[in-house]
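# An overview of the molecular structure
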Amino acid sequence: MRHEAIPSTLFIENRARLKSRLLPGSLAVVNANDIPPTNADGTRMPIPNSDLFYLTGIEQEETMLLLAPDAHDEKLREVLFVREPNAHLKTWEGHKHPKDEAQAISGIKEVKWLTEFPAIFHRLMCELEHVYLNSNEHHRAVIEVETRDARFVQQVRAKYPLHDYRRLARELQALRLVKSPAEIALIRRACGITGQGFRRLLRTVRPGVMEYQAEAELSHEFIGHRAQFAYNPIIASGANACTLHYNQNDQPCRAGELLLLDVAACYANYQSDLTRTLPVGGRFTERQRQVYDAVLRSLRAATRAAVPGKLHKDWQQESEKIVEEELLRLGLLKPRDIQRQDPDKPAVKKYFMHGVGHPIGLDVHDVGLLKQPFAAGWVLTVEPGIYLPEEGFAVRLENTVVVTDGAPVDLMADIPIEADEIEALMNRGPKKAPPRR
Ligand SMILES: [Mn+2]
């Protein structure tokens, strides 16, 4: 693994929190992700299963976690199953966790080889009643590809049809929404690396630079700090920024245009999410600056509104109201547009058509039950924007913040955002040459 070792106390505590939510006489199983296939015999880099990582810290493929807190045999109450290392694997794929290493990472005493799973599982199924199996229940996910967890659910239900099956995802989602101080520290580290990448762009963006060159600069910074892109980077100059999920990143940045950068790092599987909007030539026009400042005020007001007890839908509505006032001030909306609006399609949506933020953690759009009110320990993005395709630009600004019992804590507070500061930094000293193309 590229990241520094994480104390196993994080995973031990996460398992304890999960076990306390299970019914008496339960067992729970979590599987690793499959290695994503590409074409022919190609594969992508493995993407750790977030739930398995949350509970064990293990990123290795084919790993399984079995929890059975009430098992008669004490040694079977918490078991981690990993692939058995061998000479062939060593030659072709390299290092696999020996038992002591898997123990040290996860804090699980009982580590067994994967081949031992079926017999142990059968024994526990004969003894226990409630079976918690995992599934991807993200409300926005469109799931067409079967996961290892999904295959496991089918196999187990076919073989043991009379057990009481339960959704582990509901329990994990409730837990994962509230981040522990150790998790917040990891997200903070991802935010710090993101900030370093952004500062590098302030020195390299200028007219003529291609969008993909900005991507290359970030990639250098992120990988060099043991991190990677948290999501496909959106590096959108001019009107490209009006396409919300633009990621071709193949156009030149032109003088006079704005460049919208929705780019962030992931460290130790913990994600961050940042958006900044830069003037390519180093100076905002008056109009760009007006819109920029309107979005910045909206970001600050929406951040202040992210407090415990708030419902996501109310936060969204309040934020739309904030942006609506800015749009009135900018003359983009007239009072009569608001008076006549269809309440299901408010006028503000023409210029601000997306959510103001989302939970973030081990996933960028993190799992979570959105009906639950915000609570201390939630980590959210705050990302208002104003999109003006007819004027050929858009401004979005986004920070990653922690909900606390006091004021929200902005984990990106030190990443430049004031228009004056951005201009000053872009115009300081000689520009670092971007890579040749
Ligand atoms: Mn976001």
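Just so it is clear, the model here is predicted, and its values are computed rather than measured. (Residues numbered from 1 in each chain as written. Predicted model: local features only at pLDDT ≥ 70, side-chain atom pairs only at ≥ 80, totals over all residues. Heavy atoms only, no water.)

## Side note on the packing of aromatic side chains
To keep it simple, the criterion reads: Aromatic rings from Phe, Tyr and Trp, taking only the six-membered ring of Trp, are treated as a pair when their centres fall within 6.5 Å; an angle between ring planes under 30 degrees marks them as stacked, one over 60 as edge-to-face, and anything in between as tilted. Only DSSP runs of H or I covering at least 4 residues are called helices, and only runs of E covering at least 2 are called strands; the numbering of each starts at the N terminus. Each residue's exposure class comes from its accessible area (1.4 Å probe, protein chains only) as a fraction of the maximum for that residue type: buried when under 20%, exposed when over 50%, partly exposed otherwise.
This model, assessed by the stated rule, comprises 11 aromatic pairs. Seen in terms of ring centroids, Phe121 and Tyr160 are 5.9 Å apart; in terms of plane orientation they differ by 80°. Their pairing is edge-to-face. Within this pair, whereas Phe121 is found in helix H5 (residues 117-127), its partner Tyr160 is found in the loop between helix H6 (148-159) and strand S6 (164-167), the two being separated by 39 residues in sequence. An angle of 80° between the planes, with centres 5.3 Å apart, marks the rings of Trp315 and Phe374 as edge-to-face. Here Trp315, found in helix H11 (residues 312-329), pairs with Phe374, found in the loop between helix H12 (335-339) and strand S13 (379-382); they are 59 residues apart in sequence, far enough to count as distant. Accessibility classification places Trp315 together with Phe374 in one group, the buried group.

## Concerning the side chain of His312
This is how the line gets drawn: Contact between two residues is taken to exist if any of their heavy atoms lie within 4.5 Å; hydrogens are not considered.
Position of His312 among the secondary structure elements: in helix H11. Judged by its relative accessible area of 12%, His312 falls in the buried class. Setting aside chain neighbours within four positions, we find His312 in contact with Gly357, His358, Leu370 and Phe374.

## Notes on the nonpolar core
The cut-off we apply is this: Joining through side-chain atoms within 4.5 Å is the link that ties buried Ala, Val, Leu, Ile, Met, Phe, Trp, Tyr and Cys residues into a set, and such a set is a nonpolar core. Boundaries between domains were set according to an automatic or database domain assignment.
Membership of the largest hydrophobic core comes to 104 residues, with the highest contact counts inside it found for Tyr292, Trp315 and Ile386. The dominant element in this core, judged by the number of residues it contributes, is helix H8 (residues 181-204), at nine residues. Among the domains, domain 1 (9-176) and domain 2 (181-426) are the pair contributing at least three residues each to this core. Residue contacts for Ile386: discarding those within four places in its chain leaves Val291, Ala294, Val295, Val323, Leu327, Leu330, Leu332, Tyr351, Ala394 and Val395.

## Comments concerning helix H1 (residues 9-19)
For clarity, the cut-off: Taking the helix axis as origin, the arc is that swept by the directions to the C-beta atoms.
Considered for burial, the residues of H1 that qualify are Leu10, Phe11, Asn14, Arg15 and Leu18. Burial along H1 is one-sided: seen end-on, the buried residues are contained in an arc of 130°.

## Some words on the layout of surface pockets
Our working definition: Within this scheme a cavity is a closed region of a 1 Å grid, computed over the protein atoms alone, that accommodates a 1.4 Å probe without allowing it to escape, whereas a pocket is open but has protein on both sides within 12 Å along at least five of seven lines; lining residues each have an atom within 4 Å of a point. Grid points are joined across faces, edges and corners, and a volume is the space filled by probe spheres set on the points. In this classification, Asp, Glu, Lys and Arg are treated as charged, Ala, Val, Leu, Ile, Met, Phe, Trp, Tyr, Cys and Pro as nonpolar, and every other residue, Gly included, as polar.
What the second largest pocket holds in volume is close to 550 Å³. Here the residues of the lining of the second largest pocket sort into six nonpolar, 11 polar and seven charged. In terms of domain composition, the lining of the second largest pocket takes at least three residues from each of domain 1 (9-176) and domain 2 (181-426).

## Details of the coordination of the manganese ion
Put simply, the rule is: Metal sites are built from N, O and S donor atoms within 2.8 Å, or 3.2 Å for Na, K and Ca, and they leave out water, so they may look incomplete.
The protein atoms that coordinate the manganese ion are Asp273 (OD), His358 (NE2), Glu383 (OE) and Glu398 (OE), at distances spanning 2.1 to 2.4 Å. Every donor residue of the manganese ion comes from the same chain, spaced as D-x84-H-x24-E-x14-E. Of this pair, Asp273 sits in the loop between strand S11 (270-271) and strand S12 (275-279) while His358 sits in the loop between H12 and S13, and the two are 85 residues apart along the sequence. Per residue, the accessibility class of Asp273 equals that of His358, and both read buried.

## A short note on the packing of H1 against helix H7 (residues 168-177)
Using the following cut-off: Only C-alpha atoms enter the line fits that serve as axes; for helices the fit covers just the stretch in contact. Angles between N-to-C directions range over 0 to 180 degrees. Should an angle lie under 35 degrees it is considered roughly parallel, over 145 roughly antiparallel, and from 65 to 115 roughly perpendicular; all remaining angles are considered oblique. A crossing counts as left-handed when the near helix is turned anticlockwise from the far one by less than a right angle, and as right-handed when that turn is clockwise.
Remark: H1 packs on H7, axes separated minimally by 10 Å, with the N-to-C direction vectors making an angle of 125°. By the criterion of interaxial angle, the relationship of H1 to H7 is oblique. Pair H1 / H7 crosses with right-handed handedness. Of H7, the residues touching H1 (which contributes Asn14, Arg17 and Leu18) are Leu168, Glu171, Leu172 and Leu175. Looking at the contact of H1 with H7, its residues break down into four nonpolar, one polar and two charged.

## Observations concerning the domain arrangement of the chain
As a reminder of what qualifies: Accessible surface is computed with a 1.4 Å probe, and the buried area is the amount of it that two parts give up when combined, taken over both parts together. The term salt bridge refers to a side-chain nitrogen of Lys or Arg lying within 4 Å of a carboxyl oxygen of Asp or Glu.
Assigned domains of the chain: these are domain 1 (9-176) and domain 2 (181-426). The C-alpha-based centres of domain 1 and domain 2 are spaced at 35 Å. With 13 residues of domain 1 at the contact, the number on the domain 2 side is 14 residues. Its largest share of buried area at the contact with domain 2, domain 1 owes to Leu10, Gln173 and Arg176, together 40% of the area lost on that side. Taken together, the connections running from domain 1 to domain 2 amount to two salt bridges. Notably, a salt bridge pairs Arg176 with Asp366, separated by 2.9 Å at the nearest N-O pair. Every element with two or more residues in the side of domain 1 that touches domain 2 is listed here: helix H2 (50-56) and H7. Looking at the side of domain 1 that touches domain 2, the element that brings in the most residues is H7, giving four residues. Across the side of domain 1 that touches domain 2, the residue classes tally to five nonpolar, four polar and four charged.

## Here we look at the pattern of salt bridges
Applying the stated criterion across every chain yields a total of 34 salt bridges. Between Asp262 and Arg396 there is a salt bridge, with the nearest N and O atoms lying 2.9 Å from each other. Separated by 134 residues along the polypeptide, Asp262 in strand S9 (residues 258-262) and Arg396 in strand S15 (residues 393-396) bring together distant segments of the chain. Considered together, Asp262 and Arg396 belong to a single accessibility category, that of buried residues. Each of Asp51, Arg176, Lys179, Asp363 and Asp366 takes part in a single network of salt bridges with overlapping partners.

## Let's talk about the environment of Pro346
When you line up the elements, Pro346 lands in the loop between H12 and S13. In this structure the C-alpha to C-alpha distance between Pro346 and Tyr212, which are 134 residues apart in sequence, comes to 36 Å.

## Observations concerning unusual backbone geometry
The backbone of Ala40 shows a phi angle near 45°, a positive value even though the residue is not glycine. Locating Ala40 in the fold gives a position in the loop between strand S1 (26-31) and H2. Phi at Ala268 is positive, roughly 55°, even though this residue is not glycine. Judged by relative accessible area, Ala268 falls into the buried class, the value being 5%.

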